[in-house]
Amino acid sequence: MEDRGTPRVRELDLRECKVSSTFDDINVVRGIKCSAAFFSFLRANLALSNSMIASPTSTPQLDPFSAPADSNPPEVTAPALAAGPSSATPSKHTSSSSNATPDLVPLEDIPELSLDTLRTEEEQKEGLKLLADTVAGMRTPATVTVMSHPSCLVPFSTFLSIIYYTRYTIPGHFKVTACYTYGSVILYIFFIWCLARPYKTFAKDINRAWLDEEGPNRDIMVGARGKDNKLAGVVVLRLSPKLVPTGGRRRTRSLSFKGGRGLIRAWAVRRKCRGRGVGKELLQEAVRVTRDRCGRDADVGFVQDHAHSRLIFHNMFNGFFHKVEIGADKALRTAVSEWSGVRKKKK
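Note that the structure is a prediction, hence the values are computed from the model and not measured.

Thresholds, definitions, all that
Residues numbered from 1 in each chain as written. Predicted model: local features only at pLDDT ≥ 70, side-chain atom pairs only at ≥ 80, totals over all residues. Heavy atoms only, no water. pLDDT = per-residue confidence, 0-100. Contact = heavy atoms within 4.5 Å. 1 Å grid on protein atoms, 1.4 Å probe; cavity = no way out; pocket = protein on both sides within 12 Å on 5 of 7 lines; lining within 4 Å. Points joined across faces, edges and corners; volume = space filled by probe spheres on them. Nonpolar A, V, L, I, M, F, W, Y, C, P; charged D, E, K, R; others polar. Core = buried A, V, L, I, M, F, W, Y, C linked by side-chain atoms within 4.5 Å. Buried < 20%, exposed > 50% of the residue type's maximum accessible area, 1.4 Å probe, protein only. Helix = DSSP H or I, 4+ residues; strand = E, 2+ residues; numbered from the N terminus. Salt bridge = Lys/Arg side-chain N within 4 Å of Asp/Glu carboxyl O. Phe/Tyr/Trp six-rings, centres within 6.5 Å; stacked < 30°, edge-to-face > 60°. Lys NZ or Arg CZ within 6 Å of the ring centre and 35° of its normal. Polar contact = N/O pair within 3.5 Å; in protein donor to acceptor, adjacent residues only side chain to side chain. Arc of directions from axis to C-beta. Axes fitted to C-alpha atoms, helices over the stretch in contact; angles between N-to-C directions. Parallel < 35°, antiparallel > 145°, perpendicular 65-115°, else oblique. Left-handed = near helix turned anticlockwise from the far one by under 90°.

## Describing the confidence of the model for the chain
Averaged over the chain, the pLDDT score is 75; the fraction of residues at 70 or greater is 61%. Within the model, pLDDT remains below 50 along residues 19-29, and this stretch shows four contacts once partners closer than five positions in the same chain are excluded. In the predicted structure, residues 73-102 sits below a pLDDT of 50 and forms 13 contacts with residues beyond four places in sequence or in another chain.

Next comes the structure, spelled out in structure tokens:
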């Protein structure tokens, strides 16, 4: 049976190659025709397919090669054939191990997040705008919380029930009842939305004066940017120094960041970037900056009057925001514990 995988070798009889009698006329060297015929023979027969050339997997194949459908791929490489039968077995292991290599993760699936301190005025202005937008965004969950609270929902449902049961006493009751019902729902939502208007005023207070409350460059603003170079999140950190007594006859004290603590004044993430670990990275960066400047045992926590601490409704309507604060405190403690664990492993 003919072997299709092995190329045929053409035979060349060099005995028939004779030197032309006119070599003296054309000023050629004797025997060059035989040499040319021999190299042509090598060029014609030493052509190996790409599948028989052993090369690393990273080497690109520059020319196309298609094997017949009924032929199996060779299991032994060209160097293995030259080495003998003893080297044929490792080639199988090599090919199987290369096929078992898992596929690499595409670069598009790898999230890119860069953390950097916002120092310029334009960068800090962008960070303050993000904070102001998140403060103004508190208006929506506050409105939904009040609307769905039983103390407001039960009286409103009672009012709608009265409209429904008195529909037969009104001429053209169907249209009138529908208008009353829809109008009441719209007025109910709009009224609560107007009550939550102060959150818009609170957002305007997040400005340059708020950032420089204790002096210029007193607070540290760290921002996180994604692939599109847009600000995805921001954290505002204030380092609280510690009073250290100085030597001498007079008992005086000086400020030193060693032994101080870090106070987080604001922590916000853009709505489209939430749930991707941006807030966690910002908290870890705040912990790192605090521990680097104030000591490895420095405390980190949220200030009581942080940017999202002001609430306008009664305490019974603020359950949602209380849960958010508890989650933020838990995330901060997790960041501190993870940072401490990494620090211990490095030691």
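## Observations concerning empty space enclosed by the protein
In this structure the tally under the stated criterion is one cavity of 30 Å³ or more. Taken as a whole, the largest cavity encloses approximately 40 Å³ of empty space. For the largest cavity, the full set of lining residues is Q124, R208, L211, D212, N217, R218 and D219. For the lining of the largest cavity, the per-class residue count stands at one nonpolar, two polar and four charged.

## Regarding the nonpolar core
Formed by 29 residues in total, the largest nonpolar core has its most connected members in L128, L131, Y199, I206, W210, M221 and V236. In terms of residue count, helix α4 (residues 121-136) provides more of this core than any other element does, five residues in total. Those residues in contact with V236 that lie beyond four places of it in its chain are L131, W210, L211, D219, I220, M221, L263, I264, R265 and A266. Core analysis: the second largest hydrophobic core is formed by 23 residues, V269, V278, V289 and V336 among them.

## Description of the pattern of salt bridges
As enumerated under the stated definition, the model contains 14 salt bridges in all. Members of the salt-bridge network, linked through shared partners, are E213, E214, R218, D219, R238 and R265.

## Here we look at the packing of aromatic side chains
By the definition in use, this model includes seven aromatic pairs. Plain terms: the ring middles of Y199 and F202 are 5.9 Å apart, the flat faces sit at 85 degrees to each other, and that makes the pair edge-to-face. Taken together, the residues Y199 and F202, both in helix α8 (residues 198-204) and three residues apart, mark about one turn of the helix. A relative accessible area of 0% means that Y199 is categorised as buried. For the pair Y199 and F321, a centre-to-centre distance of 6.3 Å together with 35 degrees between the ring planes defines the contact as tilted. In this pair, Y199 is assigned in helix α8 and F321 in helix α11 (residues 319-346), connecting sequence segments 122 residues apart. On the accessibility criterion, F321 (8% relative accessible area) is buried. Taken together, the aromatic side chains of Y199, F202, F320 and F321 make up a single cluster linked through ring pairs. Lying across the ring of W210, R265 places its NZ or CZ 4.2 Å from the centre.

## Describing the environment of E213
Within the element layout of this structure, E213 appears in the loop between α9 (208-211) and β2 (219-225). Residues within four places of E213 in sequence aside, it is in contact with R238 and R265. For E213, the side chain forms a polar contact with the side chain of R265, separated by 2.8 Å.

## What to know about the environment of K129
Relative to the elements of secondary structure, K129 occurs in helix α4. The exposed category is assigned to K129, whose relative accessible area is 54%. Distance in space between the C-alpha atoms of K129 and K204 is 9.4 Å, their sequence separation being 75 residues.

## A closer look at helix α5 (residues 139-148)
All buried positions along α5 are accounted for by R139, A142, T143, T145 and V146. Down the axis of α5, the smallest arc covering the buried residues is 165 degrees, so these residues share one side.

## Considering unusual backbone geometry
One non-glycine residue, N217, adopts positive backbone phi at about 60 degrees. With respect to the helices and strands, N217 occurs in the loop between α9 and β2. Of note, N229 is a non-glycine position whose phi angle comes to about 65 degrees, a positive value. If you trace the backbone, N229 turns up in the loop between β2 and β3 (231-245). Accessibility expressed as a relative area gives 54% for N229, which makes it exposed.

## Let's talk about the layout of surface pockets
Where empty space is left becomes clear once a probe the size of a water molecule has been rolled over the atoms. Its boundaries defined by the atoms lining it, the second largest pocket holds a volume of some 860 Å³. What lines the second largest pocket is a set of 26 residues, and nearest its centre among them are T134, W267, R274, H308 and V324. Sort the elements by how many residues they give to the lining of the second largest pocket and α11 lands first, with seven residues.

## Some thoughts on the side chain of R225
Checked against the element boundaries, R225 lands in strand β2. At a separation of 3.2 Å, a polar atom in the side chain of R225 contacts the side chain of E126. From its side chain, R225 meets the backbone oxygen of N229 in a polar contact 3.1 Å long. Setting aside residues up to four positions removed in sequence, R225 forms contacts with E112, L113, S114, L118, E123, E126, K230, L231 and A232.

## Regarding the packing of helix α6 (residues 150-165) against helix α7 (residues 173-195)
Two elements in contact, α6 and α7, have axes whose closest approach is 10 Å; the angle formed by their N-to-C orientations is 165 degrees. Between α6 and α7, the angle falls in the class roughly antiparallel. The chirality of how α6 crosses α7 is right-handed. Taken together, the residues of α7 that come into contact with α6 (itself represented by C152, L153, F156, F159, L160 and I163) are T177, Y180, T181, S184, V185 and Y188.

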